[in-house]
Structure formats: C-alpha cells, structure tokens
Amino acid sequence: MQSRTQRFTLGTAKEIRVAPDGTRLVFLRSASGEDPRHQLWQRDLATGVESVLADPAELLADGDEELSDEERARRERSRLQASGIVGDACDDAVRIVAFALSGKLYVTDVRTGETRQLATATPIVDPRPDPTGRRVAYVADNALRVVNVDGSDDRALAEPANDEQAYGLAEFIAAEEMSRSRGFWWSPDGERLLVAHTDRTGVREWHISDPANPATKPAVVHYPAAGTANVKVELFVIGLDGSRVPVEFEEEYLATVHWSAGGRPLIGVEPRDQRAMRIYAVNPDNGSTELLHEETDEHWVDIVAGVPAWTPDGRLVRVGVSDGAYRLVVDGKAVTDPSLQVRSVLQVGDEDVLFTASAEDPTQVHVYRAGASVTQVSTVDGVHSATRSGDVTVLTTWRMNVAGPAMTVLRAGQQVGEIASFAVTPPLEPVVIPLTLGERGLRAALLLPTGHELGSGKLPVLLDPYGGPHAQRVLASRNAYLMSQWLADQGFAVLIADGRGTPGRGPAWERQVAFDFADVTLIDQVDALHAAAERYPDLDLSRVAIRGWSYGGYLSALAVLRRPDVFHAAIAGAPVTDWRLYDTHYTERYLGHPDVHSEVYERNSLAPDAANLERPLMIIHGLADDNVVVAHSLRLSAALVAAGRPHTLLPLPGVTHMTPQDGATAENFQLLQVSWLKHALGMVG
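- The name an unreviewed UniProt entry assigns to the protein chain is Dipeptidyl-peptidase-4, from the organism Actinocrispum wychmicini.

Observations concerning the overall build of the protein chain
Right, on to step 1. If you tally the helices and strands in the protein chain, you get eleven helices and 44 strands.
Right, on to step 2. Computed over its C-alpha atoms, the radius of gyration of the protein chain comes to 25 Å, within 12% of the 26 Å expected for a compact globule of 685 residues.
Right, on to step 3. Seen through its C-alpha atoms, the protein chain measures out along the principal axes to roughly 70 × 55 × 55 Å.
Right, on to step 4. When each of the 685 residues of the protein chain is scored for burial, the buried share is 57%.
Right, on to step 5. Taking all contacts inside the protein chain whose residues are at least 6 apart in sequence as the whole, residues at least 24 apart take part in 58%.
Right, on to step 6. Total accessible area computed for the protein chain in this model is approximately 26,700 Å², and 48% of it derives from carbon and sulfur atoms.
Right, on to step 7. Taking the average location of the 63 positive side-chain charges in the protein chain and that of its 92 negative ones, the two points are 2 Å from each other.

Quick notes on helix α2 (residues 69-78)
Right, on to step 1. Listing the buried residues of α2 in full gives E71, R75, E76 and R77.
Right, on to step 2. Of the surrounding secondary structure, the elements contacted by the buried residues of α2 are β5 (83-84), β10 (124-129) and α3 (172-177).
Right, on to step 3. Looking one or two residues past α2, R79 carries a phi angle of roughly 60°, positive in sign.

Description of the sheet that holds strand β33 (residues 383-389)
Sheets are built from strands paired through backbone hydrogen bonds, the pairs being either parallel or antiparallel.
Right, on to step 1. Read across the open sheet, the four strands follow the order β33-β34-β35-β36; overall the sheet is antiparallel. Across the chains shown, the open sheet's two edge strands, defined by having one partner strand only, are β33 and β36 (414-418). Between one strand axis and the next, the sheet turns by 30° as a mean value, whatever way the strands run.
Right, on to step 2. Bridge analysis of strand β34 (residues 392-398) against strand β35 (residues 406-411) gives six bridges, and the strand direction is antiparallel. In the sheet register, L395 faces β35, and the bridge partner there is T408.

Examining the sheet that holds strand β23 (residues 276-282)
Right, on to step 1. Pairing is antiparallel across the open sheet formed by four strands, whose spatial order is β21-β22-β23-β24. Whereas interior strands pair on both sides, the edge strands pair on one side only; in this sheet they are β21 (253-258) and β24 (289-296). Across the sheet, the mean angle from the axis of one strand to that of its neighbour is 20°, orientation sign disregarded.
Right, on to step 2. When β23 meets β24, the two strands line up antiparallel, connected through seven bridges. Following the sheet pairing, A276 is matched in β24 by T296.

Focus: the UniProt feature "domain: Dipeptidylpeptidase IV N-terminal" (unreviewed entry) in the protein chain
Right, on to step 1. Here the UniProt feature "domain: Dipeptidylpeptidase IV N-terminal" (unreviewed entry) sits at residues 100-386.
Right, on to step 2. For the annotated span residues 100-386, helix accounts for 2% and strand for 48% of the residues, and the straight-line distance between the end C-alpha atoms is 25 Å.

A look at the pairing of strand β1 (residues 14-18)
Right, on to step 1. Looking at chain direction, β1 and strand β2 (residues 24-30) are connected through three bridges and run antiparallel. Note that in β2 the partner of K14 across the bridge is L28.
Right, on to step 2. The antiparallel pairing of β1 with β2 creates a hairpin that spans five residues between the two strands, and G22 there sits at a positive phi of about 75°.

A short note on the side chain of T393
Right, on to step 1. Here T393 shows up in strand β34.
Right, on to step 2. If we ignore the near neighbours within four places in the chain, the residues touching T393 are A386, T387, R388, T408, V409 and L410.

A closer look at a negative patch on the surface
Right, on to step 1. Together, D69, E70, D141, E159 and D163 give the surface a local cluster of negative charge.
Right, on to step 2. For D141, the location among the structural elements is in the loop between β11 (135-140) and β12 (143-148).

Points about helix α6 (residues 517-535)
Right, on to step 1. With 19 residues, α6 should reach 27 Å at 1.5 Å per residue; the first-to-last C-alpha distance of 27 Å fits that figure.
Right, on to step 2. Measuring from the backbone nitrogen of D519 back to the side-chain oxygen at the start of α6 gives 3.3 Å, which picks out D516 as the cap.

Structural notes on the side chain of T408
Right, on to step 1. Position of T408 among the secondary structure elements: in strand β35.
Right, on to step 2. Classification of T408 as buried rests on a relative accessible area of 11%.
Right, on to step 3. Excluding its chain neighbours within four sequence positions, the residues that come into contact with T408 are T393, V394, L395, Q415, G417 and E418.

Section: the environment of E171
Right, on to step 1. In this structure, E171 sits in the loop between β14 (165-167) and α3.
Right, on to step 2. Separated by 79 residues in sequence, E171 and E250 have C-alpha atoms that sit 17 Å apart.

Side note on the nonpolar core
One broad rule of soluble globular proteins: the nonpolar side chains tend to lie buried together.
Right, on to step 1. Among the nonpolar cores identified, the biggest contains 75 residues, and F517, F567, W579 and L617 are the most heavily contacted of them.
Right, on to step 2. Counting residues per element, this core draws most heavily on α6, at ten residues.
Right, on to step 3. In contact with L617, not counting residues within four places along its chain, are A557, V560, A570, A572, L640, H647, T648 and W676.
Right, on to step 4. Among the nonpolar cores identified, the runner-up in size contains 26 residues, and Y481, M483, F492 and A545 belong to it.

Overview of the packing of aromatic side chains
Right, on to step 1. The full count for this structure, using the stated rule, is 21 aromatic pairs.
Right, on to step 2. Ring centres of Y582 and Y586 lie 5.4 Å apart, and the angle between their planes is 85°; this geometry places the pair in the edge-to-face category.
Right, on to step 3. Here the aromatic residues W300, Y466, F517, Y551, Y554, W579, Y582, Y586 and Y590 are joined through ring pairs into a cluster of three or more.
Right, on to step 4. A cation sits over an aromatic face here: R244 above F236, 5.7 Å from the ring centre.

Digging into the packing of α6 against helix α7 (residues 551-562)
For any two helices packed against each other, one specifies the inter-axial angle together with the distance between the axes.
Right, on to step 1. Across the interface, α6 lies against α7 with an axial gap of 10 Å and an inter-helix angle of 80°. Looking at the two axes, α6 sits roughly perpendicular to α7. Residue-level inspection shows F517, A518, D519, T521, L522 and Q525 of α6 in contact with α7, the latter providing Y551, Y554, L555, L558, A559 and R562.

So, the pairing of strand β38 (residues 442-447)
Right, on to step 1. With six of six residues buried, β38 is to be regarded as a mostly interior element.
Right, on to step 2. Bridge analysis of strand β37 (residues 432-437) against β38 gives six bridges, and the strand direction is antiparallel. Paired with I433 across the strands is L446, a residue of β38.
Right, on to step 3. Once β37 ends, the chain turns through four residues before running back antiparallel as β38, passing G438 with a positive phi of about 70°.
Right, on to step 4. Direction of pairing for β38 relative to strand β40 (residues 493-498): antiparallel, over a ladder of five bridges. Each bridged residue has a counterpart across the sheet, and for A445 the counterpart in β40 is I496.

Rules and cut-offs
- Residues numbered from 1 in each chain as written.
- Predicted model: local features only at pLDDT ≥ 70, side-chain atom pairs only at ≥ 80, totals over all residues.
- Heavy atoms only, no water.
- Helix = DSSP H or I, 4+ residues; strand = E, 2+ residues; numbered from the N terminus.
- Rg over C-alpha atoms; globule rule 2.2 N^0.38 Å.
- Buried < 20%, exposed > 50% of the residue type's maximum accessible area, 1.4 Å probe, protein only.
- Contact = heavy atoms within 4.5 Å.
- Areas by Shrake-Rupley, 256 points an atom, 1.4 Å probe, with all protein chains shown as cover.
- Lys, Arg positive; Asp, Glu negative; His and termini not counted.
- Charge placed at Lys NZ, Arg CZ, Asp CG, Glu CD.
- Pairing = 2+ DSSP bridges.
- Axes fitted to C-alpha atoms, helices over the stretch in contact; angles between N-to-C directions.
- UniProt positions renumbered as here; feature names shortened; annotations may be inferred.
- Patch = residues over 30% accessible without salt bridge, like charges linked within 9 Å, V, L, I, M, F, W, Y side chains within 5 Å.
- Salt bridge = Lys/Arg side-chain N within 4 Å of Asp/Glu carboxyl O.
- Expected span 1.5 Å × (residues − 1).
- Polar contact = N/O pair within 3.5 Å; in protein donor to acceptor, adjacent residues only side chain to side chain.
- Core = buried A, V, L, I, M, F, W, Y, C linked by side-chain atoms within 4.5 Å.
- Phe/Tyr/Trp six-rings, centres within 6.5 Å; stacked < 30°, edge-to-face > 60°.
- Lys NZ or Arg CZ within 6 Å of the ring centre and 35° of its normal.
- Parallel < 35°, antiparallel > 145°, perpendicular 65-115°, else oblique.

Structure, rendered in structure tokens:
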C-alpha cells in the first residue's frame, strides 16, 4: 500500500496557487488515494466548492501518456512518481494555466473552465504563461519557443547550434543539486525573458546500459563527476522582437534567478568552490550587472529557496549568516534574531515577508511573517509550509498525531476552510519515541514493534538513517515514520538519528562534515545507538543492523567496513562508494576539489576498506540510476571479491535512483530485505 499510494500522498493537493484577487485556488490532485494520475482543480473561495478543470483521462483519447527523454529526466531530478498533470504554471492573475501532457501543450482558462490543446512543436517541456496571460513559452527540441494562448504565432525565440546545446532547460547540476528546475523566466510585462543557454560539449559522456535487454543501446548521459568539467551556462535577455542581450557574469554556477515588478532582474551565482554567493542586479537593456551583495564562508555558502528577491518597493531580500544563524535580511538589516534558523522564503508581500524557520527544536518547521515584527503563523507542533497571495494564505501542516497533511485556507489570518484530501489513511499508526541523545544532543526517533512492552525482552536493532548533509529524517510528522514502523513490526527496534550536517541547527552544525563525511557521520550514528541503548535496555547491542539508500547506503556500507564491533549486518542501497564518481556541486561543496584534496577522497571512499569486511553486507543498486551510477556498487563489489570477502549484490534492472514503485515488486523488495536481515542477525534458524 505504501507504493500504491506513493507514501500515502496521492489524493492530496499539490502546487497550490492563490489568485491575488482572493477568489480562487488552483492546484493539482489525483481523484483518489490510489490513482497516480493528477488532475487540475480549482476551489471557489466564496463557496468552498472544488471542481476539476482538466482531467488527463478525458484529454488523452487513448488514455496512455508518452514521456520524452527530457520529461523523464526532469521527473527523475524532481523525484516525481505521479502521472497525469504533474506540473503546471500560471499567469500572475491565476487565470491562465499551462501544462504539458504526453508531450503536448494544454492551456486552461480558469474563468471559463475551457482547456485547449495548442498545436505547437512537440514534445514540449516546462510550459509557462507570461505574467500577463497573453503568451506561453516552452521548450521543444532544446529550443525556447513562444505561442499565443489562442494557439497562434508559434515560433522559436532561440534555437541551439547543435545537439550539445539547449535554451531554456536546467542542466543536471541545477536540477539535481541546486533545486533550480527552470531555465527561463518571464519579465513582468511579458515582453522579454531571461533564458539560460547550456553547452555540455566539454562534459564527460557516460553510458547507462540495460543488461536485462542487451539489444537496447546504452543511454548516453553527460555526467559532471567531481573534478571534471561542468556544463557551461550563459544567460541572455531575449525579447519577443528577436533581440538578444548577453548577461555579464563569470561564476561557474547559476543558482537562482528572480524577475519581478519590484526591480531589475536578480541572479545569484557561485564560483566553483561555492565559498561565495554573489547577488547581481541585471540591466536587461544591455546585460550589465551590479554586485549588490556577496556572502562568503570558509567552507561553502548555501542556496536558500526563495531568495534573492525584491520587495514591491525595491528592497533586497536575502538570507545571510550572522551570530551563528541563518537570518532573514531585508534592505541590509537582519529582521530575524539568532534564535531562528531560516530555511526558506515563501513569498515577499507589500508589507511583510513569509518564510519558514526552525527554533530550538530542529524537528519542527514553522511558518513566520516578518513585517513590523516577526510573528509565527503556524500554531501547532509539526512541519509547515505555505503559499500566499493577497490576504489569502494556504497553510500546509504535517503533524505527529494526524496522518497526512492538513491544508488550511486562511483569509486575513482567520481560517475559512480546508482543501479536501482523498488520501488513504495508513493502516498502521507509528508509535514514535522522540529522543535527544548524547553530548551533542542528537535528534533521534525510536520505534518498537506494535504492542512491545519495555522490559519484556531484547530486540535486535535496525538503524534506518539517511545521515548525510542537508537532509533530515527526524521530523515532527507522522507520515515520516510509516515505513520505519512497518520495519519495527517485523521484530526490530528501529532507530533513526540525524547527525551533524543535517539542517535546522545552524551553519556551524552543518559545516562539521566539511572534508570528513565518513568519520563525522558514522560517529554520530554509533553515539546515538549507544545512548539510546543506555536509556532503553531492550535494545540488543549484540544484534545491530543498519540499512539506507543513497547517502544512507554509503553510511550503511561504511558502518560494517569500519565499525564491525558495533554493526553486525548492513544493507547498502544505491551507495556512493567512490566520491570521484559523484557530481561536482554536491561533492566538491563538502570534500573540496579532488585534484587539491585527493587524500580526502581516498579517506572518505569505501573501496580501500574492502579487505576489512567481516560482517554480512547486501549491496542493492538500480541499473538505470543516472545519479549514483551502478559503477559505484560494481567497483565496491569488485574490490570485495579481490579481497576475498563474501557479500551479496542485488542488481535491479530498469530501476533508477528511486526505489521500485510497482506494487507487488515494491512489497517484495521490502520483504526480501527483512528476510535477509533476519538471517544475517540470526533471528531465524
């Protein structure tokens, strides 16, 4: 059921947009908790009535959806598993909605409810109406094109010179590591666009083969591994009249772009070492740039969602580090105090800024508004986000005592309704013991088998971390622990711990992993385990396993290779085993450039430890993974074989970096792991 319901998220609203006149909401939602096809919906805020604006089942005559390679890659980068209308964009008034479906462009007029397919070049990627609702820009065949909303005057604004170039698309690094999924941005008046031009000519070609189907040609990907060339990114101001102006900047990474009516276009750019974030204002007439602010750090500067931005009256909004905290800065003045760790900026209004932050408890994320003073908008414990326009705010809340998110509609701060949810109620209820462990106050969660009474007997322990930087597992949200409770009900005490490097506790905490993934993150898992066992003697330290995916997979293999005295078995899913094989932006941020810090890469990779394996290790990897490529697992396996160390290698044909999603396969995938763990820990004869 976990896979059929996509972790019990199907049937809940996504991509919520609020009309600035306060009359309606537009959002995506599937028709039931087990239907993966998302429809376009609207909610009349006067009546509370919700209705379908566009249904893929009706728009696609044969019912089948075909995805282009570019669209598959976009969904993989965003970890999108749903089908149907999975992404849309609106004009400023939220009257015109554009979306791609099976590679075709559709436009919905919210006022009339009419949805039309426009005859354009295909297959399309990322259609976006201009702010005035007159035209839609989109990408097809790596060219940026524009068409009127009535379907007339479809034309190319910028076409690449060859197959290695593209206009209007986010490159791999931007989408995978910088959370920038876009490659073009409209001007407020809808007459010009800022357009990214990418050239991957110098990037190494890797080949992702399909061994289960030997007749299939390998897919060619341009993968910027640590220490190698990145895609070259340029930025142009392109007018509807055909004019083109290059934007001046020399930095390697284009991190953020913002163009609103509040001022000139803003860009945030980083040099290769990411030790600076420079905010430039762009003159769209000649492409010149003015440096407005430079944030620096001896290790790295974080990219924060939603900034830089302008207020409507032209003040710069950004997030900077001072006094040990990520602080919201408006017009050069920090408006939040160091007790808050700002996580993102949600919306910049006429009189205030809406943002998310954590206070003393990093497992909770709240929504705040900063105006004349800073006030907390979300009022209950949990993990919150919001979207807002005018006096209407939609607050999304995940809590520990309620399954799924609540989506509350507020007008002028007062609740006026909730967006309906069709999500399936999970058949189990996680019983989470929140913990703060050890001298570093590690945040952790302990889950025991349903009905287990403390003191009634010893339980084998399963650590279930991610454990890497800039990601959290321990959050005040019930749905975050559904799989962990299922694992606990198989007979384990499941422990999840967030160590140093995880967000919510400030820059100093995060930067303790600099140049030292292996020791720092592994020590924190060991310390959390021992502290939890001291507090709960039911945890059997003679039977300890660990499992994880991606960085969690790396951490799991690391655990049995370097601490066999603590860990007795491990499942490493899609692990990074050689950091020279992972991408530039992520890896160099934490470990530096491999040509300068070769010893750091050697110390933090796994193959040199192959001869130390003395515990059961299962390595799992999707053969179609283009993020952590299967070469990671194959090279570790080869090193283990060369060292004479038995292990289990499970290849998954056709599986990407996302775990198997097909219902029966997904269930059997989890059962297989549990069976293997029980045998490895001696839980069965």
